[in-house]
Every structure is written in structure tokens, then in C-alpha cells.
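Coordinate analysis (summary)
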Amino acid sequence: MNSIERGFSLEIKDVWYRYPGADDEVIKGVSTTVGQGELIALTGAGRAGKSTLARLMAGVLLPFSGQILVNGLDNTDEENREKTRPHVGIVFQNPDNQLVAARVEEDVAFGPENLNLPSCEVQRRVDEAIEEVGINHLRERPPHLLSGGERQLLAITGSIAMRPSCLILDEPTAMLDPLNQHNILKVLERLARKGTTIIIITSAWNELIQFDRLWICRDGKLIFDDTPSKQPGNLKTIRGLGTNTGGTAELAFALQEQGVDLPPEAVTMNEMVKYLCRALR
Amino acid sequence: MEMTALKDIKLNIFPGEFLVVAGSTGSGKSTLVQHFNGLLLPTNGRVKVLGKDTTDKKHRNELWRLVGMFFQFPECQFFNATVYDDIAFGLRNLNLDEKTIARRIREALAIMGLPDEVKFAHPGKLSDGTRRLAAMAGTLAPRPKILVLDEPGAGLGPKDKKIVFDRLQCLQKSSGVTIILVTHDMEDAAAYAERVALLKGGQLLRVDKARHILADTGVLREAGLRPPYAVELADRLRQEGIHLPSMPLTVADAAKLLGSLLKQKAGD
Amino acid sequence: MLDGINPGQYIPADSLIHRMDPRAKLIVTVISVLAVILASSLSALLVVLIWSVLVARMSGIKAVFYWRSLKPLWVLLLFSFFFRACFTPGKPFIDTGFLMISYEGIISAGWLVWKLALLVLTSAVVTFTTTPLQLTAALEQMLMPLARIGLPVREMSMMVNLALRFIPTLFQETRLLFMAQWSRGAAFTRGRITDRLKGLVPFIVPLLTNVYQRADELALGMETRCYRVGAVRSRMKPLQFKPLDVVAVLSSNLVLVFVLVQRLG
Ligand SMILES: Nc1ncnc2c1ncn2[C@@H]1O[C@H](COP(=O)(O)OP(=O)(O)OP(=O)(O)O)[C@@H](O)[C@H]1O
Ligand SMILES: Nc1ncnc2c1ncn2[C@@H]1O[C@H](COP(=O)(O)OP(=O)(O)OP(=O)(O)O)[C@@H](O)[C@H]1O
Ligand SMILES: [Mg+2]
Ligand SMILES: [Mg+2]
């Protein structure tokens, strides 16, 4: 856990990417830096290049120009990649490609075992991860016979058990019910507070605008990189970019369109309720 | 492994309705809907589609013409080198001529809001959302009477999602297609469903008109779901002593109700 | 219909056999297989039968599953039966002139089928109660001495593991493709036998490409989880011989000794 002590950093320097055989670039000059313990949401319309950017950051794809530095080490170098791989974990959109073993518990252990950790440490991490995600009841089941959402939970558990310094999740909760969605978000928030950098790709969350840092990707570029609720104008910009801003913001905008004057700070339901109580009593 | 995924389910689906099947993760939604095209047969009890039992061999063999099935992981649904060939697979089994097939594919892709070039693409090289939409086009193209869609909105952005659901509703309203939609997002149910069936632990918790179920926060919470935003808001306001004249289901409803209330108040 | 596709894979349960060290399971299996093959007298076969059934019962897995693992082999069993029955010379039992089945033939064929069934049962106990990862861990450790003479044991065992790992994937892929094609009216899933055969080609070809693609994606998935070919891995549950394992190995040896004594005596 050397990196945590030194602090994790991910630097993306003017990265371009084109899939082999394709004509057009999918990622067109992205530059940004990510620090330790940040919790970032990445969103954008379909085909914007979110998944591609995620794969680049995790070193699954290599940029065809530009650089990606993990803890200062250049990702394009094979030897560096071996070193940085344990630090950057990724969960793909389709969990099936990452499930390896014949039992849930064994599958969660697969990653930690590859890190060659002592048995008791592997066991501890597996138990903790399973407990946190709340899939204890599935422990003995074979992964390929689980329901879609259950497999998604398992893929997340397996990546958490490896305790990477940075975890990238591609639509991790698309098939989860609200309770599990909420739980996973809480787990990830806890991890972030303990120093793990978390990057979540999602297109449908209502909680998006409550993140400290939001990236919006459009046509291969990052066109928004800021705290959503920092400036009054931000929310409008985000909404204009086709992002789901959640029920409260939607309601606020709809009311404004009707000519109702709303204070701009209403972002959560609590705030909305408070405002309405004041106005309607 | 042997386990009972569904238990004691009694459900009538009416022709031409928009039914949402909802429930928490692992509650048996996918298992249930796979009974509707004869893919799975009940170990006990019976499933009748258009009046005939799915265990009837002849009926079961013809069921695919009537019931279009969109799977939860559509990436597994592709088995051809291009999107075109894949959509054409179902159409060719209907013995349509190539010209009709080409037209139907063009139409189906357009319905899903996809550019026409997508048909030349290799399914594995599409983004996940696009692949989902293309797979849905493949389900629509044979024009089944009953459409079963297992979480079609998962991973789609709000814009794509709205296009898809609006088009589905349009099909239902204009052509009388029965739509059975699996989801856990009650906002979708609020905007589109006529009836909602709630599953919990493989059992049918309740099935009723959408506005009854969606307004009942208790039963939704019991099913592990979250009520629509508007309902939750109305609930919170009621606790604060503010009663809305009617129960809003969608954010748009709520905006209309609250807008007129607020203006009235301001006018006083 | 899809239930017919049973990969004969691990079935979770909490039983003595599940808890055994996979190395002990492998040893017991090898010895039991030897005993089945070498059993030559009625009493020997009876002892072997009792032993196998005992082990199967202790595995905590329902008899139905063992029955199902035999089912796909019916054709093979029947074929071996007839082949043996028809081509063993001896006192005629049925003689049509063209085909002669002898008493000896029937007895020897029955013997053969009986042994084959027992072999299937014995191996089913192992595959039902042991996950591929456990199995290859056992293989790896047992073959480790050979690494000293330069054999790439670790790589070999991971290859076996990958092959075993791929069995469920293959079946799942088949299942999904079947579901996708069934839902869109593929010819081979229904109708006359000629239609089905014709539809088989459009099934097999995509199956192979899909499986190939899946293998590729899976390799990538394993890499993202820090798997490297040939690298040293630790284990969550280190292999450990317990008294139970010793008892099992000893008992199986007893059975084998009994069979050998019968054979020689
Ligand atoms: N393996 C591939 N080969 C070639 N082109 C690809 C490949 N994967 C993605 N693309 C293309 O790159 C573009 C961006 O895809 P990407 O998957 O990054 O989008 P996305 O933002 O994740 O979209 P979605 O929200 O639909 O998942 C798309 O136009 C897609 O067709
Ligand atoms: N092929 C299978 N064999 C055995 N059990 C299965 C199989 N498929 C699903 N199950 C189990 O049956 C239960 C219901 O699964 P199902 O896939 O119907 O859930 P679901 O409601 O669709 O969930 P999700 O929202 O996660 O997709 C789950 O507990 C699951 O683990
Ligand atoms: Mg994507
Ligand atoms: Mg499902």
C-alpha cells in the first residue's frame, strides 16, 4: 500500500484514441488529472466515448497519442503497466467477461489470490467485500446462474476485494434495484473517504449532481469538469447537455418555465420540501 | 442446482396493455418473462399465450412469431457479423423477401433513433448503448403482437431512454401491441405503465392499475423499490401538513399541480 | 429443453466429500477407478458398488443429478452392450443365423456396462463436489515435484483450469445463443428433423465465433483482475490433509486390495 502513503495520482495528457480499423478518433484530446480519494462521476450521451476513456485510464487500451501517467509512470510502457495494474481496477459494463470461477466466493478471491497475498489476508478481504456489498446469501452459488443484477454485484465485489488505489466502474448499477444502487453508492463513498479514488460512469443516476466532481463527455472530449452545484449556472449547463439532473432539479426547471420564481439552491428533495412548505403555508 | 425461482404466480395480461413487471434484484422478473415465449416451461401450473397452453408443442413452435423477446444482456443476442444480418435473421425465418427485409430493417433502426450506417457495423464494435438499441430493433422488426422487454433502459442516457419508451408506447397505442416491460425504475412505470405487477422473492406481491400501485409507497418499499419522485414528494408534503388536490405520478404532473398552487398563493 | 444441457459441473452442498482435500479426492478417484476396472468377481464388484454408492450418498447430492450425468451416455452404453454381446463367441443364446448372441456375450456385456456406469458415477462425484480451481490446485501441487526436472507445472495447471473454466462458458454461450435463436424462430429449434439439420450450420458457426470472442474477452477480464500467466498465486484456502482425507484414502485402498486379492485368489 505504498501508493496510498505517497498519494495516488492519475494524469491524462492530451490523449487521442482510434480503434484499430476505424476511420475516426473516438477520444479527441482529453487532458485532466485525478488525485487520491476523489469521487468522480462521468456521464454523457451514447457513443460519447465514456467506456473507451475508462479502458484507456485502466490501461486496457493504449492511447495512440498522448500519455496516461499512473503515479507518474507512463502507461504505454509494458513494464510500467505490470506495476500499475494492481493500483487501477476496472469493472466492465457487462459483468460476464470478468467472472472467472465456479463459486461466488472463489470468484471474489480470484483477484486477491493473483496479488499473491497470504491466505488469511485473502480470506479477510473476501469476507469484508462480500459483507459490504451484501451478497452473503449468494456465497456458494455458481456465478453463471445468477440473475443479471446479482452478477453485477459480484463483479463489483471482486474488484473491491482487490483494494486498488483507483477503481473505475462502467455503469455499475444499471441493472440494480434502487436499494442495491444506494448501497453500492454508499460503499463507494466510504472507500473514497478512506482514500480510494473512484470514477463511476453512469448515464441515469438522479444523484449525479450531488457528486463533488462531474465529468461530461461529448464526442470524445471532456466538455465539463467541475462541481455541479458550485455555481448557479452549472445546473443549467449540465441539463442543457442532456444529463439527468434528478427529480428536484427537473421539478425546479419545470416550475421556472411556468414563471414560478424559485431560489436556485434546491438540489435535494429535503431542500425542495422545505421551500414548498415555506411558500405554501 | 435445483431451486425454485418462481412460486404461485397468477397473472392475467390483457391484449394491448402496457404492463410493467417490477421487483428487486433476483426477484424472478427475467425468469417470469421467459415463460411468455415458451423458452421456459413451468414445472407446475400453466402459461397460456393467446388462449393456448405453451406446453402445446405446435403452439410453442409458433410462439416466436407472436412474442418478441428482448433479453437483459443483449450483447449475447447477436450472432452475426453485422447488425443487418442479425436483424435479418428473424425476418428471414418469417420467409420475407430481401426487399421487404431491407425496408423493415431501415424502419426498425429509425424507430430506435439510430443512424442507418449502424447496420453495417459489427455488433461487438458498437458502444454498449447502441448495441442495446440495435438489439431492440431486431426484436421489433418482425412486428410481434406481444413485446417482452427485459430492462431495455439499463445503461441508456435520458435522451435515448425517452426515445425508446416513447416509441414503444406509440406502438402500443397505435398498433395495439401488448408491451411487457421489466424494470425497477418507477419513474418509467409512472410515465408509461397502465398496470404494474410487483414481484418479491419469486412471488407476486401485487398487480394493479399503475396509479394505485405507484401511489402506494408502502407496497413499493416492501418490494424493495423506490416510489417515483413526485409520489415521494407528495408524501413528504402531506407529512408536513400540505395536501395536494390529487396524487401526481410524474415530475411533470407535480410541476403542474404545484405551479398552480404556488401562483394561487402568490395571487392571494 | 435447456435443462437437458447440464455441464456436469460443481454443485454446492455442505457435505463431508465437499470438505475433503481435492488432492485426496483425486487419489481416491484414481484408486476407485482402478478397483472398478480390475474387479473380476461378483463379490469384488459388489464391494466396489457399495463403496461407490456410499461415497455418492455422502456427497450430499441428490441421486437425480447422478442419474442425469448418466443419461447422455445411454447411446454409448447401449452400443457397447450390443457390440460386446454380439461379438463374444460362446454358447448361443439367440441365433438368427445372421447374428448370434451368446450367453457369455450377454454376461460380459452386462459386466462392461455395469463397470462403465460405475466409472461415470465415480468421476461425477469428483466434478460435482470440486470446483475447477480446487481441482487444478490439487493437480498443481501433486505434480510440483516434476517442476524440478523442468516441467512447466504451473502453466500446465492453469491451462487445465482455463479449459475447465471454459466448460460452463461454453454451455452458457450455447444456452444464450439457443435462447436468442429460439426467440427469433431458428429452424433447428423446432420442426422436422431435416429442417433442424439444415438449421444446425447457422447455429454452430456463430457458436464457434462467439465462443472464440468470449475466450478473448475473458482473457482480458482475467488480466484486469491481475492474473498473469506463470505468476505465483496464493490461495484463500490452502490445501490441507485432514484426518478425514487420510481415512478416505485408506478406505479406498482397502477396497482396491480386496479387489486384487479376489483377482489373484
Ligand atoms: N471495439 C471497438 N471497435 C471499434 N469501435 C468501437 C469499439 N468499441 C467502441 N467503438 C466505437 O467507439 C465509439 C465510442 O464508444 P464507447 O463505448 O466508448 O461509448 P460510450 O460513451 O461508452 O457509449 P454508451 O453510453 O452507449 O456505452 C462508438 O462510436 C463505438 O462505435
Ligand atoms: N439459470 C438459472 N439457474 C438457477 N438459478 C437461476 C437461474 N437464473 C436465475 N436464477 C436464480 O433465480 C432467481 C431469480 O432470477 P431472475 O434472473 O429471474 O431475477 P431478476 O428478477 O430478473 O433479477 P435482476 O433484476 O437482477 O435481473 C435469482 O435468485 C437467480 O439467482
Ligand atoms: Mg459505455
Ligand atoms: Mg433479470
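Residues numbered from 1 in each chain as written. Chains lettered and ligands numbered in written order. Predicted model: local features only at pLDDT ≥ 70, side-chain atom pairs only at ≥ 80, totals over all residues. Heavy atoms only, no water.

1. Quick look at the overall build of chain B
The secondary structure content of chain B amounts to 11 helices and 8 strands. For chain B, the C-alpha radius of gyration of 20 Å lies close to 18 Å, the compact-globule estimate for 268 residues. Within the span of chain B, comprising 268 residues, buried residues form 56% of the whole. When the accessible surface of chain B is summed, it comes to about 11,600 Å², and 50% of that surface belongs to carbon and sulfur atoms. (Helix = DSSP H or I, 4+ residues; strand = E, 2+ residues; numbered from the N terminus. Rg over C-alpha atoms; globule rule 2.2 N^0.38 Å. Buried < 20%, exposed > 50% of the residue type's maximum accessible area, 1.4 Å probe, protein only. Areas by Shrake-Rupley, 256 points an atom, 1.4 Å probe, with all protein chains shown as cover.)

2. Describing the overall build of chain A
Each helix and strand counted, chain A has 10 helices and 10 strands in total. The C-alpha atoms of chain A give 20 Å as radius of gyration, which agrees with the globular expectation for 281 residues (19 Å, within 12%). Over its C-alpha atoms, taken along the principal directions, chain A stretches across nearly 60 × 45 × 40 Å. Expressed as a percentage of the 281 residues in chain A, the buried residues total 59%. At a minimum sequence separation of 6, the contacts of chain A that also span at least 24 residues come to 62%. Here chain A has roughly 10,900 Å² of accessible surface; of this, 48% comes from carbon and sulfur atoms. Distance between charge centroids for chain A: 3 Å, based on 30 positive and 38 negative side chains. (Contact = heavy atoms within 4.5 Å. Lys, Arg positive; Asp, Glu negative; His and termini not counted. Charge placed at Lys NZ, Arg CZ, Asp CG, Glu CD.)

3. Examining the site of ligand 2
Taken together, 20 residues surround ligand 2, and among them A:Arg141, A:Ser147, B:Lys29, B:Ser30 and B:Thr31 come closest. Near ligand 2, the surrounding residues belong to chains A, B and C. Between ligand 2 and B:Ser27 there is a distance of 3.2 Å, counted from an oxygen atom to a backbone nitrogen or oxygen. In the environment of ligand 2, an oxygen atom lies 2.8 Å from a nitrogen or oxygen atom belonging to the side chain of B:Gln72. Of all the secondary structure elements, the ones that give two or more residues to the shell around ligand 2 are helix 6 (148–160) of chain A together with helix 1 (29–33) of chain B. Across the shell around ligand 2, the residue classes break down as 4 nonpolar, 11 polar and 5 charged. (Near = heavy atom within 4 Å. Polar contact = N/O pair within 3.5 Å; in protein donor to acceptor, adjacent residues only side chain to side chain. Nonpolar A, V, L, I, M, F, W, Y, C, P; charged D, E, K, R; others polar.)

4. Let's talk about the side chain of B:Thr25
As for its position among the elements, B:Thr25 is in the loop between strand 1 (18–23) and helix 1. Ignoring sequence-local partners within four residues, the contact set of B:Thr25 consists of A:Ser147, A:Gly149, A:Glu150, A:Met175, A:Leu176, A:Asp177 and A:Asn180.

5. Points about the site of ligand 1
Near ligand 1 there are 16 residues, and of these A:Lys50, A:Ser51, A:Thr52, B:Ser127 and B:Gly129 occur at the shortest range. Bordering ligand 1 are residues originating from chains A and B. Backbone polar atom of B:Lys125 to an oxygen atom of ligand 1: 3.1 Å apart, as the coordinates give it. Starting from 640 Å² of accessible surface for ligand 1 in isolation, the protein chains cover 84%. Counting residues per element, the ones that place at least two in the shell around ligand 1 are helix 2 (50–57) of chain A together with helix 5 (128–140) of chain B. A per-class count over the shell around ligand 1 returns 4 nonpolar, 8 polar and 4 charged.

6. A word on the interface of chain C and chain B
Chain C puts 21 residues into the contact, and the matching count from chain B is 24 residues. The contact between chain C and chain B buries some 2,000 Å² in all, and 59% of this surface belongs to carbon and sulfur atoms. On the chain C side of the contact with chain B, C:Trp182, C:Ser183 and C:Arg184 bury the most area, a combined 36% of that side's loss. Linking chain C with chain B are 1 salt bridge, by the criterion used here. With its nearest N and O atoms 3.0 Å apart, the salt bridge here joins C:Arg184 to B:Asp86. Here chain C and chain B share 6 residue pairs in polar contact (both at pLDDT 80 or more) between them. (Buried area = accessible area lost by both parts, 1.4 Å probe. Salt bridge = Lys/Arg side-chain N within 4 Å of Asp/Glu carboxyl O.)

7. Observations regarding the interface of chain B and chain A
Listed by partner, the interface residues are 43 residues for chain B and 46 residues for chain A. Taking both sides of the interface into account, the surface hidden between chain B and chain A amounts to around 3,900 Å²; carbon and sulfur atoms contribute 65%. Ranking the residues of chain B by area buried against chain A places B:Thr25, B:Phe73 and B:Leu262 at the top, with a combined share of 16%. Connecting chain B to chain A are 0 salt bridges. Counting across the chain B and chain A interface gives 10 residue pairs in polar contact (both at pLDDT 80 or more). Of all the elements in the fold, those that place two or more residues in the side of chain B that touches chain A are helix 5, helix 6 (158–175), helix 10 (229–239) and helix 11 (251–267) of chain B. The leading source of residues in the side of chain B that touches chain A is helix 11 of chain B, at 11 residues. Each residue belonging to the side of chain B that touches chain A can be placed in one class, and the counts come to 19 nonpolar, 12 polar and 12 charged.

8. With respect to the sheet that holds strand 1 (residues 10–17) of chain A
Residue and element names in this part refer to chain A. The 4 strands are arranged 2-1-4-5 in an open sheet whose pairing can be described as antiparallel. In this open sheet, the two edge strands, each paired with only one partner strand, are strand 2 (27–34) and strand 5 (73–74). By the bridge criterion, 5 bridges tie strand 1 to strand 4 (residues 65–70) in an arrangement that is antiparallel. Looking at strand 4, one finds that Glu11 is bridged to Leu69. Set on the sheet, helix 2 makes contact with strand 1, strand 2 and strand 4; between it and strand 1 the angle comes to about 125 degrees. (Pairing = 2+ DSSP bridges. Axes fitted to C-alpha atoms, helices over the stretch in contact; angles between N-to-C directions.)

9. Quick notes on the coordination of the magnesium ion (ligand 4)
Residues and elements named next belong to chain B. Around the magnesium ion (ligand 4), the protein contributes the donor atoms Ser30 (OG) and Gln72 (OE1), at 1.9 to 2.3 Å from the metal centre. Placement of the pair is Ser30 in helix 1 and Gln72 in the loop between strand 4 (67–70) and helix 3 (83–93), with a sequence separation of 42 residues. Residue classification places Gln72 among the buried positions, given a relative accessible area of 9%. (Donors = N, O, S within 2.8 Å, 3.2 Å for Na, K, Ca; no water.)

10. A closer look at the sheet that holds strand 6 (residues 88–91) of chain A
Residues and elements named next belong to chain A. The strand order 6-7-8-3-9-10 describes an open sheet built from 6 strands, whose pairing is mixed. The sheet is open, and its two edges are formed by strand 6 and strand 10 (221–226), each paired on a single side. Averaged over all pairs of adjacent strands, the angle between strand axes in this sheet comes to 15 degrees, irrespective of strand direction. Here 4 bridges tie strand 3 (residues 39–43) to strand 8 (residues 197–201), and the two strands are oriented parallel to one another. In the strand pairing of strand 8, Ile40 is matched with Ile199.

11. Considering the packing of aromatic side chains
Applying the stated criterion across every chain yields a total of 8 aromatic pairs over all chains. Note on C:Phe65 and C:Phe128: the rings are 6.5 Å apart at their centroids and 75 degrees apart in plane angle, and the pair reads as edge-to-face. Of the two residues, C:Phe65 sits in helix 4 (residues 63–70) while C:Phe128 sits in helix 6 (residues 103–129), which places them 63 residues apart along the sequence. Taken together through their ring pairs, the aromatic side chains of B:Phe18, B:Phe165 and B:Tyr192 make up a single cluster. (Phe/Tyr/Trp six-rings, centres within 6.5 Å; stacked < 30°, edge-to-face > 60°.)

12. With respect to a nonpolar patch on the surface
Residue and element names in this part refer to chain C. On the surface, a cluster of nonpolar side chains totalling about 570 Å² of accessible area is made up of Trp67, Trp74, Val75, Leu78 and Phe82. The greatest single-element share of the nonpolar patch, amounting to 4 residues, is contributed by helix 5 (residues 74–86). With respect to the secondary-structure elements, Trp74 resides in helix 5. (Patch = residues over 30% accessible without salt bridge, like charges linked within 9 Å, V, L, I, M, F, W, Y side chains within 5 Å.)

13. Observations concerning the packing of helix 4 (residues 104–114) of chain A against helix 5 (residues 119–133) of chain A
All names here are of chain A. Here helix 4 crosses helix 5 at 130 degrees, and the two axes come no closer than 9 Å. Classified by the angle between their axes, helix 4 and helix 5 sit oblique to one another. The crossing of helix 4 and helix 5 is right-handed. Every residue of helix 5 that contacts helix 4 at Glu105, Val108, Ala109, Pro112 and Glu113 is listed here: Val122, Gln123, Val126 and Ile130. (Parallel < 35°, antiparallel > 145°, perpendicular 65-115°, else oblique. Left-handed = near helix turned anticlockwise from the far one by under 90°.)

Any functional reading would require information that these geometric values do not contain.
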